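Structural description and commentary
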Amino acid sequence: MIGYVTLGTNDLARAAKFYDAIAAEMGVGRMMDFDSFIAWGTWGGGAGIAATKPFDGKEASVGNGTMVAIEAKDSAQVHRLYDIAMAHGGSDEGAPGPRGEPDQNGKVFYAGYFRDPDGNKLNAFCMADA
């Protein structure tokens with residue numbers, strides 16, 4: 001249902017370095033690249049992420065309560081994405097680990113939370129064996 005999520009940035013070059021690294025771990029690259037907007041993902045694939053300078057020319061700001069969740073293939077990739085974020089100017093919002101109780105299939109929500117260099121909140125998550 002969701003094609004892509006757009007996050008505002010005040011420094012597109014900095015955002016590009018951050019999301020290029022995240023996208024590389026996910027096995028995708030840039031699918032659109034303009035002077036004020038870059039989108040990562042694959043056409044016809046899952047939802048992508050885009051960074052953009054606001055169209056109205058004003059400063060980008062972080063949405064309170066807004067978060068983008070990146071689906072990882074396993075808990076090891078959750079850790080890699082979190083580490084990539086930290087190495088590329090991200091900040092910690094919750095180290096990778098299980099959250100909550102296992103479901104009826106013995107799976108637990110496993111996630112690491114971080115912010116991009118502009119302060120947008122993201123997480124990497126999967127359902128892992130408890």
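The structure under discussion appears in the preceding block.
Quick look at the structure, then. (Residues numbered from 1 in each chain as written. Predicted model: local features only at pLDDT ≥ 70, side-chain atom pairs only at ≥ 80, totals over all residues. Heavy atoms only, no water.)

1. A closer look at the sheet that holds strand β5 (residues 67–71)
The strand order β5-β8-β7-β6 describes an open sheet built from 4 strands, whose pairing is mixed. The open sheet has two free edges, formed respectively by β5 and β6 (91–99), since each of these has just one partner strand. Averaged over all pairs of adjacent strands, the angle between their axes in this sheet comes to 20°, without regard to strand direction. Strand direction decides the pairing type here: β5 and strand β8 (residues 121–129), joined by 5 bridges, are parallel. Of the residues in β8, the one forming a bridge with E71 is F125. (Pairing = 2+ DSSP bridges. Helix = DSSP H or I, 4+ residues; strand = E, 2+ residues; numbered from the N terminus. Axes fitted to C-alpha atoms, helices over the stretch in contact; angles between N-to-C directions.)

2. A closer look at the sheet that holds strand β1 (residues 4–8)
Taken in spatial order, the 4 strands line up as β1-β4-β3-β2 in an open sheet, and their pairing is mixed. In this open sheet, the two edge strands, each paired with only one partner strand, are β1 and β2 (29–33). For this sheet, the mean angle separating the axes of adjacent strands, direction not counted, is 25°. The pairing of β2 with strand β3 (residues 37–41) spans 4 bridges and is classified as antiparallel. Residue pairing across strands places R30 opposite W40, the latter belonging to β3. Along the sheet face, helix α1 (residues 12–26) touches β1, β2, β3 and β4 (48–52) and points at about 5° away from the line of β3. (Contact = heavy atoms within 4.5 Å.)

3. Describing the pairing of β3
For β3, the buried fraction is high: 5 of the 5 residues fall into the buried class. Side chains of β3 alternate between two faces, with F37, A39 and G41 and I38 and W40 buried alike. Two successive antiparallel strands, β2 and β3, enclose a turn made up of 3 residues. With 4 bridges joining them, β3 and β4 adopt antiparallel strand pairing. If you follow W40 over to β4, its bridge partner there is I49. Linkage of β3 to β4, two consecutive antiparallel strands, is achieved through a turn of 6 residues, within which G44 is found at a positive phi near 80°. (Buried < 20%, exposed > 50% of the residue type's maximum accessible area, 1.4 Å probe, protein only.)

4. Quick notes on the packing of α1 against helix α2 (residues 75–87)
It is the contact of α1 with α2, at a shortest axis distance of 9 Å, that shows an interaxial angle of 165°. One way to sum up the angle between α1 and α2 is to call them roughly antiparallel. Crossing angle aside, the handedness with which α1 passes α2 is right-handed. Across the interface between the two elements, F18, A21, I22, E25 and M26 of α1 pack against Q77, R80, L81, I84 and A85 of α2. Here the residues of the contact of α1 with α2 are counted per class, giving 7 nonpolar, 1 polar and 2 charged. (Parallel < 35°, antiparallel > 145°, perpendicular 65-115°, else oblique. Left-handed = near helix turned anticlockwise from the far one by under 90°. Nonpolar A, V, L, I, M, F, W, Y, C, P; charged D, E, K, R; others polar.)

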